[in-house]
Amino acid sequence: MRRLWADAAKFAPTAYTVLITGESGVGKERVARWLHDASPRAAAAFVAVNCGALPDTLLESELFGYARGAFSGAAHDHPGIIEAAHRGTLFLDEVGDVSAAMQVKLLRILQERQVRRLGETSDRLVDVRFVVATNRDLRVEVAEQRFREDLYWRVRVLSLNVPPLRERREDLPALASELLARAAGLAARRIVGFTPRALDRLLQYGWPGNVRELEHVLEHACTVTRGPRVDVADLPESVREPGGASAIKSLDQLELEHIVATLHRNGGNHRRTAAQLAISVATLRRRLRSAGSAAAGRPGSPGNPDRQE
């Protein structure tokens, strides 16, 4: 996260397009807003649009606007979102979900910085800083021909990757306190923090929904708690019950899962697996035995320690 914010601080003063990647709910829009607020464009508008939530026809009219009479019901001129972001920042979320036809239109606006409203024949110059985000791996999307390669290089001028919340648990106490204060304010509740037990439970949980899930959990807690501090009983059952599917796994568990998965990919070949894991065959056998792996005890299975080839 320190590297992320250090890079963001370098990117903010520029007008270059920034690609923000990360799992759903990690806070990509928060990063985009920070880039805007720390930029020379902070006094102008920050406009966000979720590209994946709108069908093509609606997305096009929302982005580019339309002229009076452009289609049935267009009773007046309507500037689009791109024009609304003039001299500011336009945040295009879930850009990996747009159709091939819309990708062509986005490529043109990124190249030319000109927009043409539906029903018009002339272009309008716009001064917009683009920040785009996706939870998809665009390199895979390009390789599988679902995302244009030329558009990929247009949006990936500068890039930031936001790690999932489970990989930055040291950020969770401060982040949870900030989100709790916001939720308590919206609920008009006087809630000042967490009990040690509740905070420990938040730290142990795996957060598959990332920051968005944390926000919703704290909104739930603010609704049900009756004291000045959130306790374990105020958390949703999915969070307060230890050992659930979303609980943080130990390093030993993660290591064993990685070993077994590699073993299966290699068809049970211990020598090849050990070479890929950069350990000896003896070490591989010992770790499987010490973990009590079921795969290690069944003759002929991928985890059979007697199988060499």
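1. As for empty space enclosed by the protein
One way to see where empty space is left: roll a probe the size of a water molecule over the atoms.
Inference 1: A full pass over the atoms with the stated rule returns one cavity of 30 Å³ or more.
Inference 2: Around the largest cavity, the lining residues are Leu179, Arg182, Ala183, Leu186, Glu215 and Glu219.
Inference 3: For the lining of the largest cavity, the secondary structure elements donating two or more residues are helix H8 (172-186) and helix H10 (210-224).
Inference 4: With four residues, the top contributor of residues to the lining of the largest cavity is H8.
Inference 5: Its residues assigned to classes, the lining of the largest cavity comprises three nonpolar, no polar and three charged.

2. Examining the packing of H8 against helix H9 (residues 196-204)
Inference 1: At a minimum axis separation of 10 Å, H8 and H9 run at an interaxial angle of 115°. Crossing geometry of H8 relative to H9 is assigned as right-handed. Packed against H8, whose contacting residues are Leu172, Pro173 and Ala176, the element H9 presents Leu199, Leu202 and Leu203 at the interface.
Inference 2: Its residues placed into classes, the contact of H8 with H9 shows six nonpolar, no polar and no charged.

3. Description of the pairing of strand E5 (residues 89-93)
Inference 1: With respect to burial, E5 is a largely interior element, five of its five residues being buried.
Inference 2: Here E5 shows a buried face lined by Thr89, Phe91 and Asp93 and a second buried face lined by Leu90 and Leu92.
Inference 3: When strand E2 (residues 46-50) meets E5, the two strands line up parallel, connected through five bridges. Counted as the bridge partner of Ala48 is Phe91 from E5.
Inference 4: Bridge count for E5 against strand E8 (residues 129-134) is four bridges, and the pairing is parallel. Residue pairing for E8: Phe91 is matched across the bridge by Val131.

4. Quick notes on the pattern of salt bridges
Inference 1: Applying the stated criterion to the full structure yields 16 salt bridges.
Inference 2: A salt bridge links Arg166 to Glu23, with the nearest nitrogen and oxygen atoms 2.5 Å apart. With a gap of 143 residues between them, Arg166 in the loop between strand E9 (158-161) and H8 and Glu23 in the loop between strand E1 (18-21) and helix H2 (28-37) connect regions that are remote in the sequence.
Inference 3: On the basis of relative accessibility, which here comes to 30%, the residue Glu23 falls in the partly exposed class.
Inference 4: Close ionic contact of Arg182 with Glu178 constitutes a salt bridge, the shortest N to O distance being 3.6 Å.

5. What to know about the sheet that holds E8
Inference 1: As summarised here, the arrangement of the five strands in space is E2-E5-E8-E1-E9, forming an open sheet in which the pairing is parallel. Among the strands making up the open sheet, the edge pair consists of E2 and E9. When the angles between neighbouring strand axes are averaged without regard to direction, this sheet yields 20°.
Inference 2: Each of E1, E8 and E9 is contacted by helix H1 (residues 2-11), which is oriented at about 155° to E9, the strand it contacts most.

6. Points about H1
Inference 1: For H1, the full list of buried residues reads Leu4, Ala8 and Phe11. Across the axial projection of H1, the buried residues extend over an arc of 60°, all falling on one side. Exposed residues lying more than 90 degrees from the buried face of H1 are Arg2, Arg3 and Lys10.

7. Description of the packing of aromatic side chains
The geometry of two aromatic rings is summed up by the distance between their centres and the angle between their planes.
Inference 1: In this structure the tally under the stated criterion is four aromatic pairs.
Inference 2: Relative to Trp34, the ring of Trp5 lies with its centre 5.4 Å away and its plane at 65°, an arrangement referred to as edge-to-face. Note that Trp5 is positioned in helix H1 and Trp34 in helix H2, a separation of 29 residues in sequence.
Inference 3: For the ring pair Tyr152 and Trp153, a centre distance of 4.9 Å and an interplane angle of 65° mean the geometry is edge-to-face.
Inference 4: Take Tyr152: its relative accessible area is 6%, and that puts it in the buried class.

Thresholds, definitions, all that
Residues numbered from 1 in each chain as written. Predicted model: local features only at pLDDT ≥ 70, side-chain atom pairs only at ≥ 80, totals over all residues. Heavy atoms only, no water. 1 Å grid on protein atoms, 1.4 Å probe; cavity = no way out; pocket = protein on both sides within 12 Å on 5 of 7 lines; lining within 4 Å. Points joined across faces, edges and corners; volume = space filled by probe spheres on them. Helix = DSSP H or I, 4+ residues; strand = E, 2+ residues; numbered from the N terminus. Nonpolar A, V, L, I, M, F, W, Y, C, P; charged D, E, K, R; others polar. Axes fitted to C-alpha atoms, helices over the stretch in contact; angles between N-to-C directions. Left-handed = near helix turned anticlockwise from the far one by under 90°. Contact = heavy atoms within 4.5 Å. Buried < 20%, exposed > 50% of the residue type's maximum accessible area, 1.4 Å probe, protein only. Pairing = 2+ DSSP bridges. Salt bridge = Lys/Arg side-chain N within 4 Å of Asp/Glu carboxyl O. Arc of directions from axis to C-beta. Phe/Tyr/Trp six-rings, centres within 6.5 Å; stacked < 30°, edge-to-face > 60°.

Any link to function would need more than the numbers given here.
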